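Per-entry structural report
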Amino acid sequence: MTKTAKTYIASVIVAGAAATAFALAHWCSDDPTRFAIFLVLFLAAATLKCCVPGVVGTYSPVFFFALLGSTTLSLPEVWIAAAMGGMVQTIYKPKYKATLVKVCFNGANMALAAAAAYVFVQHTTPGLAEQPALVCMVLGAAALYVVNTGLVSIAVALTERSSLSAVWKSWCAGSLPYYVVGVLLTDATDPAAQVLAAVIIPIVLLATYCHRSRDEAQAAGAIAY
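Below or above, wherever it landed, is the structure these notes cover. All values reported here derive from a predicted model rather than from experimental measurement.

1. Some thoughts on the packing of aromatic side chains
In the structure shown here, the tally under the stated rule is three aromatic pairs. For the ring pair Tyr-8 and Phe-105, a centre distance of 6.4 Å and an interplane angle of 55° mean the geometry is tilted. Of this pair, Tyr-8 sits in helix 1 (residues 3-25) while Phe-105 sits in helix 5 (residues 100-121), and the two are 97 residues apart along the sequence. Taken as a pair, Tyr-8 and Phe-105 share a single burial class, namely buried. With centroids separated by 6.5 Å and ring planes inclined at 50°, the aromatic side chains of Phe-42 and Phe-65 adopt a geometry described as tilted. Note that Phe-42 is positioned in helix 2 (residues 32-46) and Phe-65 in helix 3 (residues 62-70), a separation of 23 residues in sequence.

Here it is in structure tokens:
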């Protein structure tokens, strides 16, 4: 690993640790029971890892609860739940060896991404106060996607000395449809979201099923061989 890669990864971890300390120092929870339920959902989602088309690593739906939680939880609650979800996702049945650095980096990454989504979902960004909830949710999902995949892609590119665009395409591009589905599900009462969901969700599910069936067939062939 290059010195640049180490410095970058360390800076993300330090930023995440500092923000975590800030979140704990300014803890705010209007409903501890609600937070406990969301925390369980975050952690459970982190264990639902699977391979999806176009993604080299594994994928879990933690982002969905980060978006949903942003509509009803405080920022410190979302931050802590997302950070713990990111860490559990790294530890639970890892495809690659889970080191302490990876655990801390992924926890910080998920928390930073969730916080980026929060400011849009809660209409705190200038100019969004009067915008429809669906618009803010889409912007929040976009922010979460860019931060989450961007931080990971940069780390991989620096570590493997590869092209950032190539890394992003092989590691992250395939997860984009799932973020779209997440947005539609979090605002399913909107008529436009219902129409888009009816079109997009079956396509995504079919692509995932075909991808998984192909992987299972390849694995069975390898065992038979």
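Once the structure has been displayed, the description carries forward.
2. Describing the nonpolar core
The biggest cluster of nonpolar side chains holds 25 residues, and the ones touching the most others in it are Phe-42, Val-62, Leu-67 and Leu-144. Of all the elements in the fold, those that place two or more residues in this core are helix 2, helix 3, helix 4 (75-91), helix 5 and helix 6 (133-160). With residues near it in sequence (within four places) discarded, Val-62 still touches Phe-42, Ala-45, Ala-46, Gly-85, Gln-89 and Met-110. Core analysis: the next-biggest nonpolar cluster, separate from the first, contains seven residues, Val-12, Phe-105, Ala-108 and Ala-155 among them.

3. What about the packing of helix 3 against helix 5?
The interhelical angle for the contact between helix 3 and helix 5, taken along N-to-C directions, is 35°, at an axis separation of 9 Å. When you trace helix 3 past helix 5, the crossing you get is right-handed. Facing Val-62, Ala-66, Leu-67 and Ser-70 of helix 3, the residues of helix 5 in contact are Met-110, Ala-114, Ala-117, Tyr-118 and Val-121. The residue makeup of the contact of helix 3 with helix 5, split by class, is eight nonpolar, one polar and no charged.

Calculation criteria
Residues numbered from 1 in each chain as written. Predicted model: local features only at pLDDT ≥ 70, side-chain atom pairs only at ≥ 80, totals over all residues. Heavy atoms only, no water. Phe/Tyr/Trp six-rings, centres within 6.5 Å; stacked < 30°, edge-to-face > 60°. Helix = DSSP H or I, 4+ residues; strand = E, 2+ residues; numbered from the N terminus. Buried < 20%, exposed > 50% of the residue type's maximum accessible area, 1.4 Å probe, protein only. Core = buried A, V, L, I, M, F, W, Y, C linked by side-chain atoms within 4.5 Å. Contact = heavy atoms within 4.5 Å. Axes fitted to C-alpha atoms, helices over the stretch in contact; angles between N-to-C directions. Left-handed = near helix turned anticlockwise from the far one by under 90°. Nonpolar A, V, L, I, M, F, W, Y, C, P; charged D, E, K, R; others polar.

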